Amino acid sequence: MNNEKCNWLIDYFNGELSIKEKEEFEEHLKDCLECQQELAELNTLHEDLPFASEPVKPPEGMKDRVLGNVFANNETNSSNESETVEGKEEKEAERNVPFIHKNDSKRRVQKKQGSFYTIAAILFLSLVGNIYLLMEMNETADTPVEESENQTDQLIQSVALDATEVMDATGQASILENEEGRTLLVQADNLEEVSGEEAYQVWLLEDEQPYRAGTFVPSENGSGAVSFNLDSLEDVNWDTVAITLEPTPNSEVPQGDILLAAGL
Amino acid sequence: MSDRDLELYDAIQRGDKHALEELYEKYEKLLYSFAFKMTKNNELSEEVVQEVFIKIWTKKGIYQKKKGKFSSWILTVARNTAIDIMRKKKVQTYTLEERDSLYSEEPLTEELFEWKEDAERVREAMRKLNTNQLEVIHLFYFDAMSQQKISERLDIPLGTVKGRIRLALNHLKKHLTTIDEKGGSRDE
Ligand SMILES: [Zn+2]
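As the structure is a prediction and not an experimental result, all values here were calculated from the model. (Residues numbered from 1 in each chain as written. Chains lettered and ligands numbered in written order. Predicted model: local features only at pLDDT ≥ 70, side-chain atom pairs only at ≥ 80, totals over all residues. Heavy atoms only, no water.)

Another aspect to go through is the overall build of chain A. A tally of helices and strands in chain A yields nine helices and eight strands. In chain A, which comprises 264 residues, the share counted as buried stands at 49%. Taking the intrachain contacts of chain A between residues at least 6 apart in sequence as the baseline, contacts between residues at least 24 apart amount to 57%. Carbon and sulfur atoms make up 47% of the accessible area of chain A, which amounts to about 12,800 Å² in all. (Helix = DSSP H or I, 4+ residues; strand = E, 2+ residues; numbered from the N terminus. Buried < 20%, exposed > 50% of the residue type's maximum accessible area, 1.4 Å probe, protein only. Contact = heavy atoms within 4.5 Å. Areas by Shrake-Rupley, 256 points an atom, 1.4 Å probe, with all protein chains shown as cover.)

This is the structure we're talking about:
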């Protein structure tokens, strides 16, 4: 190990370097045999390790959605919209520079079945604060593709969450319903950063009895959101939604103080 | 098997949709399961699979033989895509209960279809690792954590992370070699 840059190898492999660092490392790589060898070894992991993934059944209809979007993508490209990203994408394709496709939002909306996902996706995007994408999504949401799948969600209830002395956060809980059941959407802002394994946990309370209803970690600007399928708690007569900060995402009972709560 | 991949890939270069469909069918479950292992999220996993096939379909010549086996190449692209998407979203999601309700695990005999033997081989090797070795491989490869995060998570000095990973991987390679030498884990 003749250079401190040799220590960047792991972060390089895991796409953790900034664009500038990545360039520096690639420069280093040209002259460092040791890193070249180690990287080559790491790359052989792709021949083995992915196969250790537990088999998971792809969701219903995925093939049609994905192939539909893949082929649609090509058609858009060849007609009028073959703009911007191509050159950038070429370089990005096999190394993991953090990168966002301008078209991602469209694809994501198209493959979804209804406005619940649109809302969830918008929440997602608002987390990273990408207003441009958000506008794109709103436009796309009106396209015929979206409407043909026509599944309406009804907002059953929505309340603002009350903060406690512990943290000066704000939040909102909503219940949506469509043919597929009920979903709880919880969004919160102004949250303190988490450290280590900590995560924010949403609970539904029946009297004092807590039920887990989603875990999230806030973005850098302190916002977080999670959706939770209420069908799994169909038999529970919960009346309160609450958020706590937990030492790990796996707490079975709340260990932290309640930060936000509301009756529902 | 990989010859078929190459045939399909060539046909895809010529714009053959059926070839893309066949390739998709072959890799759907493997890529989805791998993406799920990394993202732990159905939506994101589907997005990963979609991105991979969009790259294959729209970027002519993105794969070349000199890049190695097609299956390893497509898994590399899937992993990098999953990393990009996770970084972008910065959201760690869903509880275990919900995750469980969102997918059903299939019996081991069904497995990853034609990847069954590969899966058994790697799993057998993984079973021979101790908990620490397994953990560091998971954090490093599947969670794609930074060195800093791994050092915090394992509570070890930053400077020793790389060595730990290396050591665990050496063990894994050693076990894989042993398995290969005795003719794999095939039932006989
Ligand atoms: Zn080096």
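Picking up where we left off.
In this section: the nonpolar core. Ranked by size, the top nonpolar core spans 82 residues in total, and within it Phe53(B), Ile56(B), Ile74(B) and Phe140(B) carry the most contacts. Formed by 30 residues, the second largest nonpolar core is a distinct cluster that contains Val194(A), Tyr200(A), Leu230(A) and Leu245(A). (Core = buried A, V, L, I, M, F, W, Y, C linked by side-chain atoms within 4.5 Å.)

Ideal geometry at a metal gives 109.5 degrees between four tetrahedral donors and either 90 or 180 degrees between six octahedral ones. Residues and elements named next belong to chain A. The protein atoms donating to the zinc ion are Cys-6 (SG), His-28 (NE2), Cys-32 (SG) and Cys-35 (SG), with metal-donor distances spanning 2.1 to 2.3 Å. Of note, the zinc ion draws all its donor residues from one chain, in the sequence arrangement C-x21-H-x3-C-x2-C. Across this residue pair, the class does not change: Cys-32 and Cys-35 are buried. (Donors = N, O, S within 2.8 Å, 3.2 Å for Na, K, Ca; no water.)

To continue, consider the environment of Gln157(A). Residues and elements named next belong to chain A. Take Gln-157: it is sitting in strand β1 (residues 154-163). Judged by its relative accessible area of 32%, Gln-157 is partly exposed. Setting aside anything within four residues of it in sequence, one finds Gln-157 in contact with Ala-173, Ser-174, Ile-175 and Leu-264.

With that out of the way, let us pick up helix α2 (residues 19-31) of chain A. Three- or four-residue spacings in an α-helix give side chains the same orientation, since the helix completes a turn every 3.6 residues. All names here are of chain A. Between the first and last C-alpha of α2 there are 19 Å, a value that for 13 residues agrees with the 18 Å anticipated at 1.5 Å per step. Of the positions making up α2, those classed as buried are Lys-22, Phe-25, His-28 and Leu-29. Buried residues of α2, seen end-on, are gathered within an arc of 120° and therefore sit on one face of the element. Along α2, the residues that are exposed and aim more than 90 degrees away from the buried face are Ile-19, Lys-20, Glu-23, Lys-30 and Asp-31. Along its buried surface, α2 packs onto α1 (9-13) and α3 (33-44). (Expected span 1.5 Å × (residues − 1). Arc of directions from axis to C-beta.)

With that settled, the discussion passes to the pattern of salt bridges. A side chain with one charge can pair with a side chain of the opposite charge if their charged atoms come near. The final tally for this structure, using the stated rule, is 22 salt bridges over all chains. Two residues, Glu27(A) and Lys30(A), come together in a salt bridge whose shortest N-O distance is 3.3 Å. Residue Glu27(A) and its partner Lys30(A) are located together in helix α2, separated by three residues, close to a single helical turn. Here Arg4(B) makes a salt bridge to Glu22(B), at a shortest N to O gap of 2.7 Å. Placement of Arg4(B) in helix α1 (residues 2-13) and of Glu22(B) in helix α2 (residues 17-39) is noted, with a sequence separation of 18 residues between them. On the basis of relative accessible area, Arg4(B) is assigned to the partly exposed category, the value being 35%. In this structure, a network of salt bridges that share partners links the residues Glu38(A), Glu41(A), Lys162(B) and Arg166(B). (Salt bridge = Lys/Arg side-chain N within 4 Å of Asp/Glu carboxyl O.)

As enumerated under the stated definition, the model contains 17 aromatic pairs over all chains in all. Judged by centre distance (4.9 Å) and plane angle (75°), the rings of Phe71(A) and Trp57(B) are edge-to-face. Of this pair, Phe71(A) sits in helix α4 (residues 62-78) while Trp57(B) sits in helix α3 (residues 42-58), each in a different chain. With respect to burial, Phe71(A) and Trp57(B) carry one shared label: buried. With 5.2 Å between their ring centres and 90° between their planes, Tyr141(B) and Phe142(B) make a pair best called edge-to-face. In terms of burial, Tyr141(B) and Phe142(B) fall into one category: buried. Following the ring pairs from residue to residue traces out a cluster consisting of Phe51(A), Tyr9(B), Tyr27(B), Tyr63(B), Phe70(B), Trp73(B) and Trp115(B). Just above the ring of Trp8(A) sits the side chain of Lys5(A); from NZ or CZ to the centre is 5.5 Å. For Lys17(B), the ring lying beneath its charged end belongs to Phe71(A), and the centroid distance is 4.8 Å. (Phe/Tyr/Trp six-rings, centres within 6.5 Å; stacked < 30°, edge-to-face > 60°. Lys NZ or Arg CZ within 6 Å of the ring centre and 35° of its normal.)

Next up on the list: the packing of helix α8 (residues 147-154) of chain B against helix α9 (residues 158-181) of chain B. Residues and elements named next belong to chain B. Between α8 and α9, the least distance of the axes is 9 Å, while the angle of their chain directions is 90°. It follows that α8 is roughly perpendicular to α9 by the angle criterion. Residues Gln-147, Gln-148, Ile-150, Ser-151 and Leu-154 of α8 touch α9, and the partners they reach there are Leu-158, Val-161, Lys-162, Arg-164 and Ile-165. (Axes fitted to C-alpha atoms, helices over the stretch in contact; angles between N-to-C directions. Parallel < 35°, antiparallel > 145°, perpendicular 65-115°, else oblique.)

With 20 residues, helix α4 (residues 70-89) of chain B should cover 28 Å at 1.5 Å per step; its first-to-last C-alpha distance of 28 Å lies within 8% of that length. When you tally the buried positions in α4(B), you get 19 out of 20 residues, the bulk of the element.

All right, on to the pairing of strand β4 (residues 199-206) of chain A then. All names here are of chain A. Judged by how many residues are buried, β4 sits mostly within the fold: seven of eight residues are covered. Across seven bridges, the pairing between β4 and strand β7 (residues 240-246) is antiparallel. Bridging from a neighbouring strand, Leu-205 pairs with Thr-240 of β7. Strand direction decides the pairing type here: β4 and strand β5 (residues 209-216), joined by six bridges, are antiparallel. Paired with Glu-206 across the bridge in β5 is Gln-209. Turn length for the β4-β5 hairpin, with the two strands adjacent in sequence and antiparallel, is two residues, and the turn residue Asp-207 shows positive phi of about 55°. (Pairing = 2+ DSSP bridges.)

All names here are of chain B. Residues at a pLDDT of 70 or more form 84% of chain B, whose mean pLDDT is 85. With pLDDT under 50 throughout, residues 184-188 is counted as low confidence; its partners more than four residues away or in other chains account for six contacts. Here the prediction assigns the complex a pTM of 0.58, and the interface score ipTM is 0.87. (pLDDT = per-residue confidence, 0-100.)

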